[in-house]
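In case you want the letters, here they are:
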Amino acid sequence: MKNLSLEEKEREFQAKIDADQKIEPNDWMPDEYRKTLIRQISQHAHSEIVGMLPEGNWITRAPNLRRKAVLLAKVQDEAGHGLYLYSAAETLGSDREKTIDDLNAGIAKYSSIFNYPTVTWADMGTIGWLVDGAAIMNQVPLCRCSYGPYARAMVRVCKEESFHQRQGFEIVMKLAQGTPEQKALAQESLNRWWWPALMMFGPNDANSKHTAQSMKWKIKRETNDELRQKFVDITVPQAEMIGLTIPDADLKWNEERQSYDFGAINWDEFMNVVQGNGPCNKERIAARREAKENGLWVREAANAFAEKRKARQAS
Amino acid sequence: MNREQALFEYTLRIADDSLILGHRVSEWCGHGPILEEDIAMTNIALDLVGQATNFLEYAAKVDGKGKTADDLAFLRYDRDYRNALLVEQKNGHFGDTMARQFFFDVFRKLFFEGLTKSTDETLAAIAEKSLKETKYHLKHSSEWVIRLGDGTEESHQKIQESINNLWRFTEELFFSNDVDTMLLESGIAVDLNALYPLWKSQVAHVLAEATLEIPSGTFQQKGGRTGFHSEHLGYLLAEMQYMQRAYPGMEW
Amino acid sequence: MSNKEWPLWEVFIRSKQGLSHKHVGSLRAADAEMAIDNARDVYTRRSEGISIWVVESKLVTASDPREADALFDPADSKVYRHPTFYDVPDGISHM
Ligand SMILES: [Fe+2]
Ligand SMILES: [Fe+2]
């Protein structure tokens, strides 16, 4: 057993990360690393759970049996993702139910996109295509993140995500190839979700407080702007292919950069939604809180019964 | 009524039970009492939607009018649904949902066990697959009935009330008429009369373990099997059929 | 009645291929029976397994990472435990 000074520990820690070794729950780690990870992972977990609500909104109205089953399975996967991520956060000493209480109290953050309403069936397609698409873009690099339990959770999540984006795109494609009403549904939905989807990558690099340190610790592996650009470059041709128009007058191929230039994001809107003033912030939190409160007597009953069972088995 | 018509009617009963209950259980998705249970209930909903699809596909085929499973699921009028009243009852609280599920699962397991021996090969094959799923649903719902019954005072009281309230819809699960008579002769249908005592004793067994009372003297409602439903079904269908009604004839 | 949380369980799954049970993650459950059921629903939705073990997380004893040197470094010098340590002439197969 070695007795090291704090600086030596930090140096060893960083060396391990530089050598692409994983940090595991019981390993020494700087407090800030732990805190940053707990924040990042629990925000991520909350996003999965709150993200169930806008899509859950259409499960009972899915237009046919196949779509209904797919949507159910998809929303259920998101519950699983939340669970994997809360578990990863718990290995750092954060308590799942306390974290959830923070969410329900309106203190914790989650992806602001889920504060937008799902008002038509087309939104089920657009969310899968754009929102899951953006999430995958964010998540794939995290499979290589330095914290072992987080990286492993992300591997599982990414494996499951692959069908989410496809089913969404399939819905949109079907609409785009359908009747004029259906095509209008698809376009109108894209118009509403495009900009919020771009905001999912977070503030521009110049305004992102945590990026530099997080990159050094490899709990973030590409910057917000890099990921956003990648997303635009991949998505624009997909929209073109199915005959939909990206709602951005400034969108234009840049031959020199071999990338799309795109218009300015309305960060005021983003900040406003993050601060709780999106169209559905109140409803989302209320739904989560209600689920937890209404389930209290159920969870208590299961505890009481488990104790009785244990006592009976012992005697 | 000829044999095809009877078989169509019979298959619809099975399909609609799964379809309507699947719809109800799916309403829980995102609102369960704890994350793990949310996932468990969604699995059950998925199984039921899958069963509904299989049975409706067969019903459409038997019907022979060129309809699809989706047509049958989304484009019938209220009076044409053949599910039992039990499964269209509202979710209520978690205890209500588990009690409803438990009564249904005990019935369904016995029923599918019988249906696997049906001389109709398609019904037997779908029953075989569905039986496996139902066994798990029954394990889940009966464990919850026991936990809630033998949990806290509050949970005991709540689930007892759920049991009492839903008891009036249980006998209808064993409703039979000339459809059954006709199909029993050719070994297609399951003899529901023979199942009822088994259902009663299995339910009694679990309720005893849950320290719960079996309701007595309850008037039994019926009507679902012949298309006379409760007021709840209309709203459920309005929601379920919304897309097909608002955008007639389109593909999704 | 107590308003405490359900305990945490570690989940191990054996896949169809006959490999050992492998740790896949954790979950909350009131008791072992429920933990098995929840594990089935959470971790085998895509036919990932045919056998499940659960163990309450607090019952797991882990090796101390600060003793990693003492525990694991000595094995590094025992290369003779690995088949590649031995020279086998080119003509020999099935070994
Ligand atoms: Fe997800
Ligand atoms: Fe997803």
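For the structure itself, consult the block above.
Residues numbered from 1 in each chain as written. Chains lettered and ligands numbered in written order. Predicted model: local features only at pLDDT ≥ 70, side-chain atom pairs only at ≥ 80, totals over all residues. Heavy atoms only, no water.

(A) Here's a closer look at the overall build of chain A. Each helix and strand in chain A was counted, giving 12 helices and 2 strands. At 21 Å, chain A has a C-alpha radius of gyration in line with the 20 Å of a compact globule built from 315 residues. Taken over 315 residues, chain A has a buried fraction of 57%. By sequence separation, contacts in chain A at least 24 residues apart represent 77% of the contacts at least 6 residues apart. For chain A, the accessible area works out to roughly 13,500 Å², and carbon and sulfur atoms hold 52% of it. (Helix = DSSP H or I, 4+ residues; strand = E, 2+ residues; numbered from the N terminus. Rg over C-alpha atoms; globule rule 2.2 N^0.38 Å. Buried < 20%, exposed > 50% of the residue type's maximum accessible area, 1.4 Å probe, protein only. Contact = heavy atoms within 4.5 Å. Areas by Shrake-Rupley, 256 points an atom, 1.4 Å probe, with all protein chains shown as cover.)

(B) Layout of the coordination of the iron ion (ligand 1). Surrounding the iron ion (ligand 1) are the protein donor atoms Glu48(A) (OE), Glu78(A) (OE), His81(A) (ND1) and Glu161(A) (OE), at 2.0 to 2.2 Å. Taken in sequence order, the residues that donate to the iron ion (ligand 1) follow the motif E-x29-E-x2-H-x79-E. (Donors = N, O, S within 2.8 Å, 3.2 Å for Na, K, Ca; no water.)

(C) Focus on the coordination of the iron ion (ligand 2). Residue and element names in this part refer to chain A. Every protein donor of the iron ion (ligand 2) is listed here as Glu78 (OE), Asp132 (OD), Glu161 (OE), Glu161 (OE) and His164 (ND1), and their distances to the metal cover 2.0 to 2.7 Å. In this model, the iron ion (ligand 2) sits 3.3 Å from the iron ion (ligand 1), the two metals being bridged by Glu78. With Glu161 and His164 both in helix H7 (residues 148–176) and 3 residues apart, the pair spans about one turn of that helix. Take Glu161: its relative accessible area is 2%, and that puts it in the buried class. By relative accessible area, His164 is classed as buried at 0%.

(D) The arrangement of the environment of Glu37(B) in detail. Residue and element names in this part refer to chain B. Looking at the secondary structure, you find Glu37 in helix H2 (residues 35–63). Judged by its relative accessible area of 3%, Glu37 falls in the buried class. Beyond its immediate sequence surroundings of up to four residues, Glu37 is in contact with Phe94, Met98, His140 and Trp144. Engagement of the side chain of Glu37 in a polar contact is seen with the side chain of His140, the distance being 2.7 Å. (Polar contact = N/O pair within 3.5 Å; in protein donor to acceptor, adjacent residues only side chain to side chain.)

(E) Expanded view of the side chain of Ser214(A). Residue and element names in this part refer to chain A. In this structure, Ser214 sits in helix H9 (residues 211–216). Look at Ser214 and you get buried, because its relative accessible area is 4%. With sequence-adjacent residues up to four places away left out, Ser214 is seen in contact with Thr36, Ile219 and Lys220.

(F) Examining unusual backbone geometry more closely. Its identity is not glycine, yet Gln258(A) carries a phi of approximately 55 degrees, on the positive side. Along the polypeptide, Gln258(A) turns up in the loop between strand E1 (252–254) and strand E2 (259–261). A positive phi is found at Ser47(C), a non-glycine position, where the angle reads about 50 degrees. Turning to its location among the elements, Ser47(C) is positioned in the loop between helix H1 (32–43) and strand E3 (51–56).

(G) Representation of the packing of aromatic side chains. All names here are of chain B. Under the defined criterion, the tally for this structure stands at 29 aromatic pairs over all chains. When the ring of Phe104 is compared with that of Phe107, the centres are 6.1 Å apart and the planes differ by 55 degrees; the resulting orientation is tilted. In this pair, Phe104 and Phe107 are both assigned in helix H5 (residues 94–115), 3 residues apart and thus about one turn of the helix distant. Using a relative accessible area of 1% as the deciding quantity, one classes Phe104 as buried. (Phe/Tyr/Trp six-rings, centres within 6.5 Å; stacked < 30°, edge-to-face > 60°.)

(H) Inspection of helix H10 (residues 231–240) of chain B at higher detail. Residue and element names in this part refer to chain B. Taken as a whole, H10 has its buried residues at Leu233, Leu236, Leu237 and Met240. For H10, the buried positions fall inside an angular range of 95 degrees around the axis, keeping them on one side. Facing away from the buried surface of H10 by more than 90 degrees, the exposed residues are Glu231, Tyr235 and Ala238. Where the residues of H10 are buried, they touch helix H1 (3–26), helix H3 (69–74), helix H4 (85–88) and helix H11 (242–246). (Arc of directions from axis to C-beta.)

(I) Structural detail: the sheet that holds strand E1 (residues 8–14) of chain C. Residues and elements named next belong to chain C. With antiparallel pairing, the 3 strands of this open sheet are ordered in space as E2-E1-E3. The open sheet has two free edges, formed respectively by strand E2 (22–28) and E3, since each of these has just one partner strand. With strand direction ignored, the average angle separating the axes of adjacent strands in the sheet is 30 degrees. Pairing analysis gives 6 bridges linking E1 to E2, with the strands arranged antiparallel. Bridge pairing in E2 links Val11 to Gly25. Across the sheet, H1 touches E1, E2 and E3, and the angle it forms with E2 is around 115 degrees. (Pairing = 2+ DSSP bridges. Axes fitted to C-alpha atoms, helices over the stretch in contact; angles between N-to-C directions.)

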